[in-house]
Amino acid sequence: MASNNSNNIASPTPTATSSFWKRMPVYAPARVYMKTTDEKKEIDVCKRTSWIASPPALSPGTSYFDQPLSSASSRHGSRPGTPSIQSRRDDAIRKRAGSNNSSNSGIQPPDVPSISRTASATSRQSMDLNASISRLSISRTNSLADSAAQLPVNLTREEKFTKILSSANVDSDELRKLSWNGIPDRHRSMAWQILLGYLPCNASRREQTLERKRKEYNDWATQTFSKGESALDSELWHQISIDVPRTVPVSKLFRHEKIQKSLSRVLYCWAIRHPASGYVQGINDLVTPFYVVFLSPYIGKYADPNTCKPSQLPQPVIDKVEADSFWCLSKLLDRIQDNYTHAQPGIQRQIVKLKDLVERINGKLTKHLESQGIEFIQFAFRWINCLLVREFSLNNTVRMWDTYLAETDGFSEFHIYVCAAFLLKWANTLTNQDFQELIIFLQSPPTSDWTHKDIELILSEAYMYKYLYDSSPQHFTTTQTQ
Amino acid sequence: MSKEDQYDYLFKVVLIGDSGVGKTNLLGRFARDEFNMESKSTIGVEFATRTIEVDGKTIKAQIWDTAGQERYRAITSAYYRGALAALLVYDISKYQTYENVERWLQELRDYADSNIVIILVGNKSDLRHLRAVPTDEAKGFAEENALRFIETSALDNTNVDEAFQTILKETYHALAKNQTAEDKQGGVPGQGTQIVVPKVDNDDESASKCC
């Protein structure tokens, strides 16, 4: 009477997904790869130095309104490829053996030793972390050693940040290097704004720039909302209005009406400036790390945003935080805007990349997922759409973004390696699960007790995968099966 | 697969409708008897499952809860394929969400199988003082379009089980009817839409169940 092929019925099956590709041939995986491959250049690993050290694609201090709306171009092109896995391994091993050439390593998370230092020696995770790193045979010298040499070695991490950020002209390379392993709370707001290219490196220009940008946004927001809600784009405003109360609803801060109004303004203003994508659900989640980080200097050094009283926040403070959040959200989204345009091609492309990456790292897992009828889009879509913000606490997300901001393409390219590391973390559990268990597990992985250590472990593993697999399409061991 | 997970039929069901009408909480109520005041917007799709009995048969519903925002339509419509049933949800306190039901029906016509069974669900019936969509109007619309109809409240747990039970029963009966017709015509048993899970007593499979 009946067939026993449950997967054909039970899931958005290969059929379902392939129909999507059929309707959207322009986003078909093959094209994605052709494009990516074309843009790759074989260069020596030493040249990675240049992209680790290079400033963000958007120049600091430039008026946002001068920037093109779409910046998909920033996703490609600027980042060189690397030699094959084998040659990179050889390269790393050669350096480890003693032929250190201080300028050409560039293969470790900057300042890796301090990860090891901050992690307790007795912590299993820290041992895992060290093991991960030593597996790579990473040399302690790295591409940024030259700049690090400018700082006295006996400074604490906190002092290093103080020194860098108080200099007349912040060395952004050095800031990136330090930030990779996490930014101290009290320096985070400023460091993020510099890393994003919102705040100028040059101290003498900062005050003026901030004043101008804040005024620009606040004047514009005031004007936009001056005629009341009825004058707004009703569909857009409705969507934002129902999503803002659902944004980090566990946080006292984000439940407050004053903050919700402020978030709504940021989202609305961003959306009408970016009609190609407009507001897309999930972007609301992406403002929250900026908001809490930029608010933190005003509510005490280490104050928990959950314990602050938003009703007591003066409006001028909210205006500043709101303006800074708007500009920084813009900077972030400029780099990943095609995640949110029609049919979300950026996400589609990254899901294909993630699947291929995981297949190369752990073919057994992808085979198992496939045998159960699991498609990567079923679980990874949200991971990419919301940059894993939904999977981690806000506090952990903030730590993760320290590293993302220190990476050149943290939110687009590096994020895929983080997603891979995140998925692979559960590989043993997943390979014993059936379709239903897999989907339910992956849509809510058990991360509620995660600390910064767990995040740092994932980030380090991601870095390792990036080092080993980035730009090595010739090492694909399998082919597309769908 | 554990023993309690054995079933006679597996139905794929989709939950669709405008953003904010309460799809996720309807599913949470049906699948886990939960209502979450702090639920977040659904990004892409989310999944849950529950098994019920219909006419002595065990039916497992695998339900895909979809994001309501237009931008996600390209992603979510891929999940319509193969779905045997759809719950098309609107909010009785927001007339716009009821008006958009037409658009959702069109989505189903475009992307779902033509014989998909649909129930129109007016959710948030607890918001009596804010009602914007009269019951009779929605009922009339459902009749005109050959849809089943029910009003629910995921918040106070009114009619939620009934909504899912109704649609699953209807789906089962439609299948059974088709099956009889197919048998009479000598069609291939079970082709395409239903499954019978082998009644296995496999210890390995039971052991693999972990959550």
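Since the structure is predicted, the reported quantities are computational estimates derived from the model, not experimental observations.

Chemist: Describe the overall build of chain A, with residues and values.
Modeler: Looking only at helices and strands, chain A features 25 helices and zero strands. For chain A, buried positions account for 62% of its 482 residues. Long-range contacts, defined as pairs at least 24 residues apart, comprise 80% of the intrachain contacts of chain A with a sequence gap of at least 6. A total accessible area of about 18900 Å² is found for chain A, and carbon and sulfur atoms account for 53% of it.

Chemist: Mind laying out the packing of helix 16 (residues 283-295) of chain A against helix 17 (residues 315-334) of chain A, listing which residues take part and the relevant values?
Modeler: All names here are of chain A. Following both chains from N to C, one finds helix 16 and helix 17 inclined at 130°, their axes separated by 9 Å at the closest point. By the angle between their axes, helix 16 is oblique relative to helix 17. Seen along the crossing, helix 16 lies across helix 17 with a hand that is right-handed. The residues of helix 17 that touch helix 16, namely those facing I283, L286, V287, F290, Y291, F294 and L295, are V317, I318, V321, E322, D324, S325, C328, L329, L332 and L333.

Chemist: Break down helix 4 (residues 101-111) of chain B for me, citing the residues and quoting the values.
Modeler: Residues and elements named next belong to chain B. Taken residue by residue, helix 4 has V101, W104, L105, E107 and L108 as its buried positions. The buried side chains of helix 4 occupy one side of the element, clustering within an arc of 155° when seen end-on. Buried residues in helix 4 make contact with strand 1 (9-17), helix 2 (73-76), strand 4 (85-91), helix 3 (95-99), strand 5 (117-123) and helix 5 (135-144).

Chemist: Describe the environment of L332 of chain A, listing the residues and the values that go with them.
Modeler: Residue and element names in this part refer to chain A. Tracing the backbone through its elements, the reader meets L332 in helix 17. Along the chain, L332 and V266 lie 66 residues apart, while their C-alpha atoms are 14 Å from each other. Setting aside its immediate chain neighbours within four residues, L332 contacts L196, L286, F290, L387, W401 and F411.

Chemist: So what's going on with the packing of helix 16 of chain A against helix 21 (residues 394-406) of chain A? Residues and values would help.
Modeler: Residues and elements named next belong to chain A. Across the interface, helix 16 lies against helix 21 with an axial gap of 10 Å and an inter-helix angle of 90°. With respect to helix 21, the axis of helix 16 lies roughly perpendicular. Residues L286, T288, P289, F290, V292 and V293 of helix 16 form the contact with helix 21, whose participating residues are L394, T397, V398 and W401. Across the contact of helix 16 with helix 21, the residue classes break down as eight nonpolar, two polar and no charged.

Chemist: Would you mind going over the sheet that holds strand 1 of chain B in detail, with residue names and values included?
Modeler: Residues and elements named next belong to chain B. Strand order in this open sheet of six strands is 2-3-1-4-5-6, and the pairing throughout is mixed. Each end of this open sheet is capped by a strand with a single partner; those strands are strand 2 (45-54) and strand 6 (148-151). Each neighbouring strand pair of the sheet contributes to a mean axis angle of 25°, computed without reference to strand direction. As judged from the 10 bridges shared by strand 2 and strand 3 (residues 57-66), these two strands associate in the antiparallel manner. Its bridge partner lying in strand 3, T51 is registered against K60. Contacts between helix 1 (residues 23-32) and the sheet are confined to strand 1, strand 2, strand 3, strand 4 and strand 5, with strand 2 contributing the most and set at about 40° to the helix.

Chemist: Which residues make up the pairing of strand 4 of chain B, and what values go with them?
Modeler: All names here are of chain B. Here strand 4 lies mainly inside the structure; seven of its seven residues are buried. Alignment of strand 1 against strand 4, held across five bridges, turns out to be parallel. Pairing of I16 across the sheet is with L88, part of strand 4.

Chemist: For the packing of aromatic side chains, give the residues involved together with the corresponding values.
Modeler: One pass over the structure, following the stated rule, counts 37 aromatic pairs over all chains. On the numbers, 5.0 Å between centres and 65° between planes, the contact of W383 of chain A with F422 of chain A is edge-to-face. Residue W383 of chain A is found in helix 20 (residues 376-385), and its partner F422 of chain A is found in helix 22 (residues 410-425); the two are separated by 39 residues along the sequence. Centre to centre, the rings of F422 of chain A and W450 of chain A are 5.7 Å apart; their planes meet at 80°, and the pair counts as edge-to-face. Taken together, the residues span a long stretch of sequence, with F422 of chain A in helix 22 and W450 of chain A in the loop between helix 24 (435-442) and helix 25 (452-469) at a distance of 28 residues. Just as F422 of chain A is buried, W450 of chain A falls in that class too. Members of the aromatic cluster, connected to one another through ring pairs, are W180, W192, F290, F294, W401, Y404, F411, F414 and Y463 of chain A. The residue whose ring lies beneath R273 of chain A is W220 of chain A, and the NZ or CZ to ring-centre distance is 5.4 Å. The positively charged end of R73 of chain B is found above the aromatic ring belonging to W104 of chain B, 4.0 Å away from the centroid.

Chemist: Lay out the domain arrangement of chain A in plain terms, naming residues and giving numbers.
Modeler: Residue and element names in this part refer to chain A. Along its sequence, chain A is carved into domain 1 (2-16 + 343-481) and domain 2 (142-339). Contact residues are listed per partner, giving 30 residues for domain 1 and 26 residues for domain 2. Carbon and sulfur atoms make up 62% of the surface buried where domain 1 meets domain 2, a total of about 2300 Å² over both sides. If you look at where domain 1 meets domain 2, you find three salt bridges. With a closest N to O distance of 2.9 Å, R390 and D285 form a salt bridge. At the boundary of domain 1 and domain 2, one finds 16 residue pairs in polar contact (both at pLDDT 80 or more). Among the secondary structure elements, those contributing two or more residues to the side of domain 1 that touches domain 2 are helix 18 (345-361), helix 20, helix 21, helix 22 and helix 25. A per-element tally of the side of domain 1 that touches domain 2 places helix 21 first, with nine residues.

Chemist: Go over the pairing of strand 2 of chain B with me, naming the residues and quoting the values.
Modeler: Counted residue by residue, strand 2 of chain B has seven buried out of 10 residues, so it is predominantly covered. Between the antiparallel neighbours strand 2 of chain B and strand 3 of chain B lie two residues, among them D55 of chain B with a positive phi of about 50°.

The rules behind the values
Throughout, residues of each chain are indexed from 1 in the direction in which the sequence is written. Chain labels run from A onward and ligand labels from 1 onward, assigned in the order the entries are written. Per-residue local features are limited, in this predicted model, to residues with pLDDT of at least 70; the limit for side-chain atom pairs, both in listing and counting, is 80 or more; totals at the level of whole chains, interfaces and linings are taken over all residues. For the side-chain quantities, the full set of heavy atoms in the structure was used; hydrogens and water were omitted. Secondary structure elements are taken from DSSP: a helix is a run of H or I of four residues or more, a strand is a run of E of two residues or more, and numbering for both begins at the N terminus. For each residue, the accessible area found with a 1.4 Å probe, counting protein chains only, is set against the maximum for its type, and the residue is called buried under 20%, exposed over 50%, and partly exposed in between. Any two residues whose heavy atoms approach within 4.5 Å are treated as being in contact. Here the accessible surface of atoms and residues is derived via Shrake-Rupley with a 1.4 Å probe, and residues count as covered only by protein chains that are part of the display. Here the axes come from fitting lines to C-alpha atoms, over the contacting stretch only for helices, and the angles between their N-to-C directions go from 0 to 180 degrees. Angle categories: roughly parallel below 35 degrees, roughly antiparallel above 145, roughly perpendicular from 65 to 115, and oblique for all the rest. Note on convention: the crossing is left-handed when the near helix lies turned anticlockwise from the far helix by less than a right angle, right-handed when the turn is clockwise. Arc definition: it is the arc formed by the directions from the helix axis to the C-beta atoms. Three categories are distinguished: nonpolar for Ala, Val, Leu, Ile, Met, Phe, Trp, Tyr, Cys and Pro, charged for Asp, Glu, Lys and Arg, and polar for the others, with Gly belonging to the last. For two strands to pair, DSSP has to find at least two bridges joining them. Any two of the Phe, Tyr and Trp rings considered here, Trp counted by its six-membered ring, make a pair once their centres fall within 6.5 Å; the pair's planes then place it as stacked at under 30 degrees, edge-to-face at over 60, or tilted in between. Remark: a charge is flagged as sitting over a ring if the NZ atom of Lys or the CZ atom of Arg is within 6 Å of the ring centre and within 35 degrees of the ring normal. These domain limits were set by an automatic method or by a database of domain assignments. Here the buried area means the combined drop in accessible surface, using a 1.4 Å probe, for two parts upon being joined, counting both sides. The salt bridge criterion pairs a side-chain nitrogen of Lys or Arg with a carboxyl oxygen of Asp or Glu, the two atoms within 4 Å. Whenever two N or O atoms come within 3.5 Å, that pair is a polar contact, provided that in protein one can donate a hydrogen and the other can accept it, and provided that, for residues adjacent in sequence, both atoms are side-chain atoms.

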